[in-house]
Structures are given as C-alpha cells and as structure tokens.
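Examination of the molecular architecture
In case you want the letters, here they are:
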Amino acid sequence: MSIQLISVSHKTADLNIRSCFALTKEKQMKYLKEILSVGCIEECALLSTCNRLEIYLYGEDENQREIFSEAERGLLRMIALPEGVDGAEYLRFYEGEKAERHLFFVAAGLDSMVMGEDQILGQVKEAWKQAAENGTIGTYLNTCFRYAVTGAKKVKTETNLSRTPVSVATLSVKAAREYLGNLKDKNVLIIGASGKIGNSIFKNLLSEGETKIYTTTRQYCHGKKAGPYLELPYGERYEWLDRMDVVISATSSPHYTLTLDKVKNALTTGKRRVFIDLAVPPDIDQRVWELSDTGYYNIDDFARVAEENNRKKEREAAAAADILEDYRIQFKKWMIFQKSFPNVQSLKEKIRVQAEDKGMDKALSRFFFALRESFEPKQLEIFMEALKKVEESYEED
C-alpha cells in the first residue's frame, strides 16, 4: 500500500490551462466524496491553489493503475477544456516516495513559483482539514500530512528560506509601485480582500501606510469607513473605478469581476493605472491592457521575478530539503511499522507464550536464530547495524 498523487501546476500548465483545473469549493467536496465511492481508493485529499491542483490518494499497491485511472477520469469529468485540448497531457503522476517527497516540498514552499512563500503551508493545512471534515482522509494520508506540516514548520524556524518573505502578494505591490513610479497617496482598490492573497496584500499596504486603500464587500455599506481604509459595496465597484490608480483582484469567482467594456465606460479621467489579476481562473478581462496608460499583470507575469528570488535561496533550499527528508524518512518508518503492526503483535504473543513455557532466554534465542535464517546476508548486516543503535539507546536510558 502506498500514497499516489496526480498534479497539475505552474510547472506543467500556463494560466489558461490552470484556470480550467480550478475547482470551486463545492466541486472539490463533490470530487472527494465521489472518488471514495470507487472501491480501490481508500483515502483522498485535494489541494487547490492559484498555481496547482493536486490530488493525494491512498490504496493497495496492486490497484495503483486503477487508482490513477479512476482519479484522473473523475477529475477530467469535472472540468471544461478548450476544443482540441487534452487535459491529460498536463497531469503528472507520482507514487510512493516521490509522492511523499512532493507533498513535503510543497508544504515548505520548495515547489512554489516563489520559493519559500508563506501562504502554501496554510493552504496545505486547509486541504488536510477539508479532507478530514469530509471523512475522506484516514490513518495514512492524515499522518503523511502531519509529518509534512511539521517538517515545513521546522524549515521556517531553522532556515532563512522564509525570513525575507517574497510572495505573490509582495510581488504584486512591487509591480504596481514600479509601473506608477511610487504608491504615495495612490488609491488602491482590492477586490477580494477577505481571501488569503487579497488579505495579504491588504496587510502589506496597510503596514506601509502610503496608499489610500479601498476594499469591496458583499454587504451593503455605501462607502463605509473602517479604520484606515474604506469599504465599498461590490456592486458599486465600477462607480469608484475612475478614481483608482491600482486595482488588484484576487477572488475565487468563476466569472470576471471586471470586464473591458464596463471598465472603459467607467474610466473618464486620463491618468496611468495598473490592473493586477491574481485569480485563477482570471478575475479581470486581460484586454484592459489595450486601454491607454494602463498596465496589466496576471499571476504568471511574476514568474521571472520569482526565478531570481529562487536562485538567491538555493543554499537555504538545500538545507530545507535535508530537514524535510529527515521527516519523510520518519514518516516512511512509521508507515512500514504501521503496516506490519499485526505481524509484530502476533510475533510478540508467540515469544511471550514460548517464554512462559521454556524461559525468556530460549524464546529470544529462537527469535534471533529465525531472523538469521530468514535474512539475506546484506539484509542481516543492515539489521545487526540497526541492532547496535537500539542497544545504544538502551544504554542512554
């Protein structure tokens, strides 16, 4: 029995394709429940972010091909792809140690577009929680996620990978600043400030204190002042658009939050503006870049800056990988022992019975003789080396 993984990410698909694989919360929960009705799949967790969709699975090794096939088929049924596009070509399949290692790297931000970014750990935790709440995660995936999250936390405390955090949120603010020259006294509208990315941008701007921040809310508030920022009704966003210098949208909406024609009609004042779309699928009609003095960035536009950041962090990434591998090995040991636990219990009982009958010394002698006869020479050598370490641990006690 082993862990399997199906992944589509920024490494295999561009924004347009990733948008097709972006599942709403409702579809995620539907997929989790439906996939467990397939007999060969025992556990399932789904991680969905702006840069990846990953399905972690657990089942019997002999069913591996069927597990991958059923999970892939269920996923492709849920998405709509452009005419002539084969979604399967963007999928990557991992099994066993490769799947485990991938999760550990993802949780720590080593597989992110921006290496070491902080948000992914929270998203991994959310995927873990969602699977638990839907009853689709069991002993093995639950423990794998626990070790991955614990390892990622240690990476954050013992390396500099995230100590100078560069995230999509910080990159987007930097892009706006560079396009406009500065952000001092600029009006910034954040659509989706209550989401993870939007909230991160909101906090960044709030801490810098040089911009005038506006956020949309679904509740009717009519320009309600909320501390150092202003809340606007989402339905009135176009009415406020003309006074904005920066518009950042990061919602989970399945449709545009801003369309070209309505933006064009709303803008009457001639000045430089920048629109930043951090959503997958997109929030902003990308044709806004056709408007004069208007900049436009989407999440894939930050890849170049992210690559430069990643190169600077290569040494820290190597240290992080070592930490994660230690935790992955701990998980692997736990998994092997967990699968063998019934045999261990049975053998312990047989040794106990024999010890009562012939004494502990004879019972243990027979046990070691049986081990010697059952091992190949190399296996026996490894076992005896391990036995020395066990003996040393007894001496420490």
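Residues numbered from 1 in each chain as written. Predicted model: local features only at pLDDT ≥ 70, side-chain atom pairs only at ≥ 80, totals over all residues. Heavy atoms only, no water.

What follows concerns the packing of helix 5 (residues 119-133) against helix 6 (residues 139-158). Interhelical geometry of helix 5 versus helix 6 gives an angle of 165° and a closest axis separation of 11 Å. In terms of axis orientation, helix 5 runs roughly antiparallel to helix 6. Two packed elements cross with a definite hand, and for helix 5 against helix 6 that hand is left-handed. Here Leu121, Val124, Lys125 and Trp128 of helix 5 lie close against helix 6, whose contacting residues are Asn142, Phe145, Arg146, Val149, Ala152, Lys153 and Lys156. (Axes fitted to C-alpha atoms, helices over the stretch in contact; angles between N-to-C directions. Helix = DSSP H or I, 4+ residues; strand = E, 2+ residues; numbered from the N terminus. Parallel < 35°, antiparallel > 145°, perpendicular 65-115°, else oblique. Left-handed = near helix turned anticlockwise from the far one by under 90°. Contact = heavy atoms within 4.5 Å.)

What follows covers the packing of aromatic side chains. Inspection of the entire model under this criterion finds 11 aromatic pairs. With centroids separated by 4.4 Å and ring planes inclined at 15°, the aromatic side chains of Tyr58 and Tyr140 adopt a geometry described as stacked. Highlighted residues: Tyr58 in strand 3 (residues 52-59) and Tyr140 in helix 6, separated in sequence by 82 residues. The burial state of Tyr58 is the same as that of Tyr140; both residues are buried. Through pairs of rings, three or more aromatic residues link up here, namely Tyr58, Tyr140, Tyr147, Phe331 and Trp334. Across from the ring centre of Tyr179, 4.1 Å away, lies the NZ or CZ of Arg272, which sits over that ring. (Phe/Tyr/Trp six-rings, centres within 6.5 Å; stacked < 30°, edge-to-face > 60°. Buried < 20%, exposed > 50% of the residue type's maximum accessible area, 1.4 Å probe, protein only. Lys NZ or Arg CZ within 6 Å of the ring centre and 35° of its normal.)

A few words now on the side chain of Lys156. With respect to the element layout, Lys156 can be found in helix 6. A polar contact is formed between the side chain of Lys156 and the side chain of Asp118, at a distance of 3.1 Å. Ignoring sequence-local partners within four residues, the contact set of Lys156 consists of Gly116, Glu117, Asp118, Leu121, Ser162 and Arg163. (Polar contact = N/O pair within 3.5 Å; in protein donor to acceptor, adjacent residues only side chain to side chain.)

On to the confidence of the model for the protein. Any region with low pLDDT has predicted coordinates that should not be read closely. The share of residues in the protein with pLDDT of 70 or more is 96%, and the mean pLDDT across the chain is 89. Between the elements of the protein, mean pLDDT differs from a low of 56, seen in strand 7 (residues 224-226), to a high of 97, seen in helix 4 (residues 97-108). (pLDDT = per-residue confidence, 0-100.)

In space, the four strands of this open sheet follow the order 2-3-1-4, with antiparallel pairing throughout. Two strands in the sheet have a free side with no partner beyond their single neighbour: strand 2 (43-48) and strand 4 (92-95). Within this sheet the neighbouring strands show an average axis-to-axis angle of 15°, counted without direction. Relative to strand 3, strand 1 (residues 2-9) runs antiparallel, the two being bridged by eight bridges. The residue of strand 3 that forms the bridge with Val8 is Leu53. Contacts from helix 3 (residues 64-78) reach strand 1, strand 3 and strand 4, with the element oriented near 35° to strand 1. Strand contacts of helix 4: strand 1, strand 2, strand 3 and strand 4, with the helix running at about 140° to strand 3, the strand carrying the most contacts. (Pairing = 2+ DSSP bridges.)

Next up on the list: the environment of Val288. Note that Val288 resides in the loop between strand 10 (273-277) and strand 11 (294-298). In this structure Val288 comes out as buried when scored by relative accessible area, which is 0%. Taking C-alpha positions, Val288 is 80 Å from Ala363, a pair spaced 75 residues apart along the chain. Those residues within four positions of Val288 in sequence are excluded, and the remaining contacts are Leu260, Val263, Phe275, Thr294 and Tyr296.

Think of it this way: side chains of opposite charge can pair up when their charged atoms draw near. All told, the structure shown has 22 salt bridges when counted by the stated rule. The salt bridge partner of Arg52 is Asp111, with a shortest N-O separation of 2.9 Å. Here Arg52 is found in strand 3, whereas its partner Asp111 is found in the loop between helix 4 and helix 5, with 59 residues between them in sequence. One salt bridge in this structure joins Glu210 and Arg177, with 2.9 Å as the shortest N-O distance. One end of the pair, Glu210, is in the loop between helix 8 (196-208) and strand 6 (212-217); the other, Arg177, is in helix 7 (residues 168-180), and 33 residues separate them in sequence. The exposure class of Glu210 is partly exposed, given its relative accessible area of 24%. (Salt bridge = Lys/Arg side-chain N within 4 Å of Asp/Glu carboxyl O.)

If you look at soluble globular proteins, the nonpolar side chains tend to sit buried side by side. Within the largest apolar cluster, 40 residues are counted, with the highest numbers of intra-cluster contacts made by Ile3, Phe104, Leu110, Val124, Phe145 and Phe331. Elements represented by at least two residues in this core include exactly strand 1, strand 2, strand 3, helix 4, helix 5, helix 6 and helix 12 (314-358). Those residues in contact with Phe145 that lie beyond four places of it in its chain are Ala45, Tyr56, Leu103, Val124, Trp128 and Ile137. Leu180, Ile197, Ile201 and Val280 belong to the second-largest nonpolar core, a separate cluster that totals 33 residues. (Core = buried A, V, L, I, M, F, W, Y, C linked by side-chain atoms within 4.5 Å.)

Look at helix 2 (residues 25-35) against helix 3: their axes get within 11 Å of each other, and the N-to-C directions meet at 150°. As for the relative orientation of helix 2 and helix 3, their crossing is right-handed in sense. On helix 3, the residues that touch Lys27, Lys30, Tyr31, Glu34 and Ile35 of helix 2 are Glu70, Ala71, Gly74, Leu75 and Met78.

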